[in-house]
Amino acid sequence: MIQKMLDISERQACRYLRANRRMVRYVRRRPDDVDLRKRLEELAAERRRFEFRRLTVLLSREGIKDNVKQILRVYREAKLQVRRRAKRRVALGRGNPAHAVSKINSRWPLDFVHDTLRTGRKIRTLNVIDNFTRECLAIEVDTSLPGTRVARVLDAIADGRGYPETIVMDNGTELTSLAMLAWARDRDVRLHYIAPGKPTQNAYVESFNGKFRDECLNENTFDSLSEAREEIERWRVDYNTNRPHRALGQQTPEGFARSLEQTTLLPRKVA
């Protein structure tokens, strides 16, 4: 452009613009990406949830060790980016549930607590309580507690006292699983999920978890899973039958529940 406007040579134009002649004469040389792009597309079709870094590893295993930036450019040009899966909408309830409960089985909060055996093996407990009577309905102990196991525990509780109207819990994968959703649908139970990062919205079970850890888990060391189950169940029975509860006028949870037997038609479950 400058050459034509001023009718001067390339050397004079570069001197006038203070530009390097090599830069002016540079011709971009891009390597042929046809083979690389074809193989990337094949791998992406085989491994649809593999993103760029994983595909690069697969290419390197096949001896294709092109420049990482070149592979990334081809990857983007081919539009092979992995789309994020939309989160499954399971929020049948969110935030704080209604505070007032006036009968047994109105609301069951549940939560998980973690601990370890003396050997270092990790265990989990599923704690289920009744908001109204403050009874601990179950403490299931195992190394893994998937959604199907949670559903079986809830069915076992319901065999002795009936199903709850609402279950309050967090957003763990076990509790938002298809197994739990199907269980709630089939038994007409409302699932209420607290807001993420807001454990105070499930304050009843959080309070119970604190007592459980302070009075049971921190006071005992377990050599085996069976020993943990026996000791934890012994503590649960004692909690229901002997431990006075301030919110119940210093009655025990089971004593308070028995005082209501004349006004409820629900069967009682012996602790």
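Quick caveat, the model's predicted, so the values are computed rather than measured. (Residues numbered from 1 in each chain as written. Predicted model: local features only at pLDDT ≥ 70, side-chain atom pairs only at ≥ 80, totals over all residues. Heavy atoms only, no water.)

Draft legend 1. Local environment of unusual backbone geometry. Even without glycine at this site, Lys79 takes up a positive phi of about 55°. Tracing the chain through its elements places Lys79 in the loop between α6 (68-77) and β1 (107-116). Positive phi is not limited to glycine here, since Asp188 has a value of about 55°. Here Asp188 shows up in the loop between α8 (178-187) and β5 (190-193). (Helix = DSSP H or I, 4+ residues; strand = E, 2+ residues; numbered from the N terminus.)

Draft legend 2. Inspection of the nonpolar core at higher detail. Counting residues in hydrophobic clusters, the biggest one holds 22 residues, and the most contacted among them are Leu154 and Ile167. With five residues, helix α7 (residues 147-161) is the largest single contributor of residues to this core. Setting aside chain neighbours within four positions, we find Ile167 in contact with Trp108, Leu110, Leu154, Trp183, Val189, Arg190, Leu191 and His192. Counting residues in each nonpolar core, the second largest holds 18 residues, with Cys136, Val205, Ala228 and Trp235 among its members. (Core = buried A, V, L, I, M, F, W, Y, C linked by side-chain atoms within 4.5 Å. Buried < 20%, exposed > 50% of the residue type's maximum accessible area, 1.4 Å probe, protein only. Contact = heavy atoms within 4.5 Å.)

Draft legend 3. The arrangement of the packing of aromatic side chains in detail. Within this structure, the stated rule accounts for eight aromatic pairs. With a centroid separation of 5.6 Å and an interplanar angle of 55°, the aromatic rings of Phe52 and Tyr75 are classed as tilted. Taken together, the residues Phe52 in helix α5 (residues 52-61) and Tyr75 in helix α6 connect sequence positions 23 residues apart. Relative to Trp235, the ring of Phe212 has its centre 5.3 Å away and its plane inclined at 50°; by these criteria the two rings are tilted. Taken together, the residues span a long stretch of sequence, with Phe212 in helix α9 (residues 203-217) and Trp235 in helix α10 (residues 225-241) at a distance of 23 residues. (Phe/Tyr/Trp six-rings, centres within 6.5 Å; stacked < 30°, edge-to-face > 60°.)

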